[in-house]
Amino acid sequence: MFPFCFEWAWDIGHAIFFGGFWYAIGILGAGMTYCFLKAAYDTVNDKGGSHH
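Residues numbered from 1 in each chain as written. Predicted model: local features only at pLDDT ≥ 70, side-chain atom pairs only at ≥ 80, totals over all residues. Heavy atoms only, no water.

Asks: Looking at this model, I keep getting lost on the overall build of the protein chain. Mind explaining?
Replies: Scanning the protein chain from terminus to terminus reveals 1 helix and 0 strands. Total accessible area computed for the protein chain in this model is approximately 4,900 Å², and 73% of it derives from carbon and sulfur atoms. (Helix = DSSP H or I, 4+ residues; strand = E, 2+ residues; numbered from the N terminus. Areas by Shrake-Rupley, 256 points an atom, 1.4 Å probe, with all protein chains shown as cover.)

Asks: Is there a simple way to explain the pattern of salt bridges in this structure?
Replies: Pairing of side chains with opposite charge becomes possible as their charged atoms draw close. Applying the stated criterion across every chain, the model contains 1 salt bridge. Where Lys38 meets Asp42, a salt bridge forms, and the shortest distance between an N and an O atom there is 3.2 Å. Of the two residues, Lys38 and Asp42 are both situated in helix H1 (residues 12-44); the distance of 4 residues between them amounts to about one turn of the helix. (Salt bridge = Lys/Arg side-chain N within 4 Å of Asp/Glu carboxyl O.)

Asks: How should unusual backbone geometry be read in this particular structure?
Replies: One can expect most non-glycine residues to show negative phi and most peptide bonds to be in trans. One non-glycine residue, Asp46, adopts positive backbone phi at about 55 degrees. The topology assignment puts Asp46 in the segment after H1.

Asks: Would you mind going over the packing of aromatic side chains with me for this structure?
Replies: Note on aromatic pairs: each is described by the distance of the centres and the angle between the planes. Counted by the stated rule, this structure contains 3 aromatic pairs. On the numbers, 6.3 Å between centres and 10 degrees between planes, the contact of Phe17 with Phe21 is stacked. With a gap of 4 residues between them, Phe17 and Phe21 both fall in helix H1, about one helical turn apart. Taking the relative accessible area as the measure of exposure, Phe21 reaches 36% and is therefore partly exposed. (Phe/Tyr/Trp six-rings, centres within 6.5 Å; stacked < 30°, edge-to-face > 60°. Buried < 20%, exposed > 50% of the residue type's maximum accessible area, 1.4 Å probe, protein only.)

Listed below in structure tokens is the structure:
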């Protein structure tokens, strides 16, 4: 069931569930974005460690 369906009922249970869901997804997305950007920055500036 999707929010754009007419049968959707916005009750407190849906609000709490989707609020927590999008909060968690946002934190994971922000963390992954930070890691990718930091890895790219470190690679460009030769700040990464060597595996030798």
